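Now for the letters of each chain:
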Amino acid sequence: MSEEKNKNEEMKLNEELDITVTHEYSDSDIQVLDGLEAVRKRPGMYIASTSVKGLHHLVWEIVDNGIDEAMAGYATTIKVIVDKDNVITVEDDGRGMPTGINEKTGKSTIETIFTVLHAGGKFGGGAYKVSGGLHGVGASVVNALSEWLDVSVYHDGKEYYVKFVNGGNVVEPLKMIGSCDSAKHGSKVRFKADPTIFTETTIYEHDTLRDRLRQLAFLNKGIRLEFFDEREEEEKKKHYVFQFAGGLKEYVQYLNKNRTSIHEDVIYSEGHENGIQVEVACQYNDGYNPNVYTFCNNINTVEGGTHEEGFRLALNRVINKYARDNNFLKEKDDNLTSDDCKEGITAIISVKHPDPQYEGQTKTKLGNTEVRKTVSSIFGAQLERFLMENPDQAKIIIEKASLASQARMAAKKAREATRRKSALEISALPGKLKDCLSKDASISEIYIVEGNSAGGSAQKGRDSHFQAILPLRGKILNVEKARQHRIFENAEIRSMITAFGCGILDEIDVSKLRYHKIVIMTDADVDGAHIRTLLLTFFYRYLRPVLEGGYIYIAQPPLYKVQKGQAVRYAYTDKQLEEIKAEMGDRIAIQRYKGLGEMDAEQLWETTMNPENRTLIRVNIGDAEAADQNFSMLMGEEVEPRKNFIVENAHFVENLDI
Ligand code: TTJ
């Protein structure tokens with residue numbers, strides 16, 4: 001990077017900063033710190049929350065800046081390191097942040113960026129600010145919420161350094177502290193989250209960091225993202241390097257690795273129109289559910305939006321046209337529906353937009369109307385070309401959609417039959433359900449219990465005022481492996497649907513849910529884990545709003561009973577057992593519970609159902625992709641990955657609890 005160019009960029013950046021600074025703040029010190037103080041007072045206004053989720057936002061905020069520099073073509077690699085004490089380091093090999101003075105504030109540009117709210121707005125000089133306003137709150141917010149933060153910049157053989165403490169108080173202005181290799185260039189930020197703000201936890205989740213960095217590497221073709229977690233045990237320590245030249249094409253292959261693809265090539269398209277960049281990849285597998293993930297500026301737009309609509313329109317239009325032109329559809333045949341065309345598809349749609357508008361309940365629905373046409377035309381043209389050039393794969397795809405169409409009509413008939421029946425039996429609750437007396441959903445709970453004997457204990461042990469019991473006989477149907485009409489015929493599934501009372505799929509109405517806690521209670525063994533996964537898969541596919549609403553829980557029965565004379569204690573983990581053993585001393589009797597059936601009604605109440613003593617794990621699907629991966633792995637036909645998964649994750653509920 002030439003000195004001249006860097007100066008230019010720096011001036012441009014300073015101009016941008018000036019606008020923001022004069023607009024919102026005077027250049028007085030006090031007001032600057034007032035800004036950061038406001039962040040500390042009401043952090044929830046600037047980051048999602050101060051829970052573990054908000055903690056991770058700090059990392060993403062900083063990483064985004066490095067990605068901007070890489071997307072602008074100046075950096076190749078971004079490294080993320082978690083130290084033993086949960087200090088985060090993010091380093092890029094870009095131009096290095098500007099080290100000059102900002103005229104307006106009279107302070108270094110870096111100090112300005114890290115102490116003035118939103119000063120980082122257009123920072124990085126790239127065409128798109130990757131976080132696009134969803135959590136793109138700026139580096140100053142991270143500084144405000146850190147116990148300390150320091151910045152190092154390397155360029156032209158020099159190292160510059162500045163450190164802030166206690167939420168953004170500069171220790172000493174930016175200064176050149178020494179020399180470095182003349183070839184070295186880049187920016188490094190280290191910070192320690194403030195435990196007085198993040199009162200729940202300041203411990204980062206290894207898997208969360210790793211998975212998001214991998215995802216960012218898929219979404220930003222070619223960029224190298226490295227991850228190193230110093231907290232890992234020596235044997236487990238791994239230097240992760242994520243770099244995917246194939247971008248979304250490799251993402252689809254990655255998502256399909258536990259599935260069986262039905263055609264060879266991933267359909268891939270990319271292009272740009274009117275300043276919008278579009279990348280789409282998809283491939284069909286032998287399953288029945290679509291898995292469509294959409295992103296705008298690297299943010300997972302879980303509510304979909306115009307990019308998803310554009311994809312759907314093009315898929316439907318091009319498949320029908322090809323099917324007609326090539327006589328797969330006869331004149332009298334109806335068009336294939338959009339759902340038919342999506343059966344078994346894994347698709348990723350990613351757009352980069354200079355001015356994204358987000359809508360929806362959680363502001364994760366892309367609203368820019370022009371994006372619909374842009375995605376539709378770019379993806380449509382390349383899909384059409386793919387079908388023309390690959391007639392064998394085209395045939396497989398069209399036949400899959402045709403089968404889906406036939407199954408859809410059969411399912412519709414079956415659903416209508418079910419609905420007629422339930423209309424006749426008006427609100428007849430399933431016979432196996434032992435309902436609670438309360439009709440107030442907000443305090444009512446339903447325990448879904450594996451097996452009849454445990455069901456009996458649960459029924460006797462419960463508080464019938466607010467606790468209902470629904471025993472399930474044996475295994476429930478795997479909804480990943482069955483089409484809809486078979487699912488609606490299944491007795492266990494039907495009894496859950498009637499008991500919950502809120503309907504399913506697009507007819508769902510969560511306000512009609514009869515219990516605000518749906519508790520899965522299975523044995524603490526492999527079979528129990530399997531049943532739990534089957535249930536979660538069903539909830540995920542058919543009752544997603546209930547799952548997202550946080551109404552689904554997993555009961556935690558104890559693993560051990562420890563007895564000494566009359567005194568009885570229960571241990572829910574091996575660690576707890578050790579603690580209890582240490583407390584109680586010798587001459588104790590330890591019983592390991594293999595199943596719920598080994599507990600009598602009173603024990604089950606005391607240990608697992610009594611709100612005073614029990615532990616419930618709330619299932620929240622923050623990341624649909626990871627949940628789906630787990631599900632398809634656990635449910636799929638590929639035996640090998642499943643075996644590995646079960647061996648590695650004996651307590652895999654935690655892994656579903658994402
Ligand atoms: C701005 O214009 C002059 C040359 O450098 C441009 C720039 O901003 N580069 C830049 C910023 N590279 N990397 C960053 C950066 C990296 C991290 C990890 C964190 C932050 C806040 C910025």
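Thresholds, definitions, all that
- Residues numbered from 1 in each chain as written.
- Predicted model: local features only at pLDDT ≥ 70, side-chain atom pairs only at ≥ 80, totals over all residues.
- Heavy atoms only, no water.
- Phe/Tyr/Trp six-rings, centres within 6.5 Å; stacked < 30°, edge-to-face > 60°.
- Helix = DSSP H or I, 4+ residues; strand = E, 2+ residues; numbered from the N terminus.
- Buried < 20%, exposed > 50% of the residue type's maximum accessible area, 1.4 Å probe, protein only.
- Lys NZ or Arg CZ within 6 Å of the ring centre and 35° of its normal.
- Pairing = 2+ DSSP bridges.
- Axes fitted to C-alpha atoms, helices over the stretch in contact; angles between N-to-C directions.
- Left-handed = near helix turned anticlockwise from the far one by under 90°.
- Contact = heavy atoms within 4.5 Å.
- Nonpolar A, V, L, I, M, F, W, Y, C, P; charged D, E, K, R; others polar.
- Parallel < 35°, antiparallel > 145°, perpendicular 65-115°, else oblique.
- Lys, Arg positive; Asp, Glu negative; His and termini not counted.
- Salt bridge = Lys/Arg side-chain N within 4 Å of Asp/Glu carboxyl O.
- Polar contact = N/O pair within 3.5 Å; in protein donor to acceptor, adjacent residues only side chain to side chain.
- Arc of directions from axis to C-beta.

**Q** What is the right way to read the packing of aromatic side chains from this model?
**A** The way to describe two aromatic rings as a pair is by their centre distance and the angle between their planes. With the rule as written, the count across this model stands at 12 aromatic pairs. The interplanar angle of 85 degrees and the centroid separation of 6.3 Å between the aromatic rings of Phe-488 and Tyr-542 together place this pair among those described as edge-to-face. Of the two residues, Phe-488 is situated in helix α13 (residues 484-489) and Tyr-542 in helix α15 (residues 526-542); the sequence distance between them amounts to 54 residues. Note on accessibility: Phe-488 and Tyr-542 belong to one class, buried. With a centroid separation of 5.7 Å and 45 degrees between ring planes, the pair formed by Phe-538 and Phe-539 is classed as tilted. In terms of burial, Phe-538 and Phe-539 fall into one category: buried. Following the ring pairs from residue to residue traces out a cluster consisting of Phe-488, Phe-500, Phe-538, Phe-539 and Tyr-542. Of note, Lys-184 hangs over the ring of Tyr-154, and the distance from its end group to the ring centre comes to 4.3 Å.

**Q** What is the right way to look at the sheet that holds strand β14 (residues 299-300) in this model?
**A** An order of β11-β12-β15-β13-β14 is seen for the 5 strands of this open sheet, with the pairing classed as mixed. A single partner strand is all that each edge strand has here, and the edge strands are β11 (267-273) and β14. Note that strand β13 (residues 291-296) and strand β15 (residues 345-352) share 6 bridges and pair parallel. Bridged to Asn-291 within β15 is Thr-346.

**Q** Sorry, what's going on with the packing of helix α8 (residues 306-325) against helix α10 (residues 370-389) here?
**A** When two helices pack together, you describe them by how their axes are tilted relative to each other and by the distance separating the axes. Between α8 and α10, the least distance of the axes is 7 Å, while the angle of their chain directions is 35 degrees. In terms of crossing hand, the pair formed by α8 and α10 is right-handed. Along the contact surface, α8 presents Thr-306, His-307, Glu-309, Gly-310, Phe-311, Leu-313, Ala-314, Leu-315, Arg-317, Val-318, Lys-321 and Tyr-322, while α10 presents Val-371, Arg-372, Val-375, Ser-376, Phe-379, Gly-380, Leu-383, Glu-384, Leu-387 and Met-388. Broken down by class, the residue content of the contact of α8 with α10 amounts to 12 nonpolar, 5 polar and 5 charged.

**Q** Can you walk me through the packing of helix α14 (residues 491-500) against α15 in this structure?
**A** It is the contact of α14 with α15, at a shortest axis distance of 12 Å, that shows an interaxial angle of 55 degrees. The orientation of α14 relative to α15 falls into the category oblique. For the pair α14 and α15, the crossing hand works out as right-handed. Contact residues: α14 offers Ile-493, Met-496, Ile-497 and Phe-500, while α15 offers Leu-535, Phe-538 and Phe-539. Among the residues forming the contact of α14 with α15, the class breakdown is 7 nonpolar, no polar and no charged.

**Q** Please clarify how the sheet that holds strand β22 (residues 560-564) should be interpreted in this entry.
**A** Backbone-to-backbone hydrogen bonds pair the strands of a sheet. The strands run either parallel or antiparallel. In space, the 3 strands of this open sheet follow the order β23-β22-β24, with antiparallel pairing throughout. Each of the sheet's edge strands pairs with one partner strand only, and the pair in question is β23 (567-571) and β24 (589-592). Looking at each pair of strands side by side, their axes are set apart by 20 degrees on average, direction ignored. Pairing between β22 and β24: 4 bridges, direction antiparallel. Bridging across to β24, Tyr-560 finds its partner in Arg-592. Lying over the sheet, helix α17 (residues 574-584) contacts β22, β23 and β24, oriented at roughly 155 degrees with respect to β23.

**Q** Before we go on, may I ask you to explain the side chain of Arg-462 in this structure?
**A** Within the fold, Arg-462 resides in the loop between α12 (452-461) and β19 (467-472). One buried charged residue, Arg-462, forms no salt bridge at all, with the nearest opposite charge on Asp-435 at 6.4 Å. There is a polar contact of 3.1 Å between the side chain of Arg-462 and the backbone oxygen of Lys-434. At a separation of 3.0 Å, a polar atom in the side chain of Arg-462 contacts the main-chain carbonyl oxygen of Asp-435. Excluding residues within four positions of it along the chain, Arg-462 makes contact with Lys-434, Asp-435, Cys-436, Gln-467, Ala-468, Ile-469, Trp-605 and Met-609.

**Q** Sorry if this is basic, but what is going on with unusual backbone geometry here?
**A** For residues other than glycine, phi is negative in most cases, and the peptide bonds are mostly trans. Phi angles above zero are rare outside glycine, and Asp-156 is one such case at about 50 degrees. Within the element layout of this structure, Asp-156 appears in the loop between β5 (146-155) and β6 (158-165). Of note, Arg-587 is a non-glycine position whose phi angle comes to about 50 degrees, a positive value.

**Q** Looking at this structure, how should I read helix α7 (residues 248-255)?
**A** An α-helical turn contains 3.6 residues, so a residue and the one three or four places further along point in the same direction. Listed as buried for α7 are Leu-248, Tyr-251, Val-252 and Leu-255. Summarising the axial view, the buried residues of α7 lie within an arc of 95 degrees, below the 170-degree limit, and thus occupy one face.

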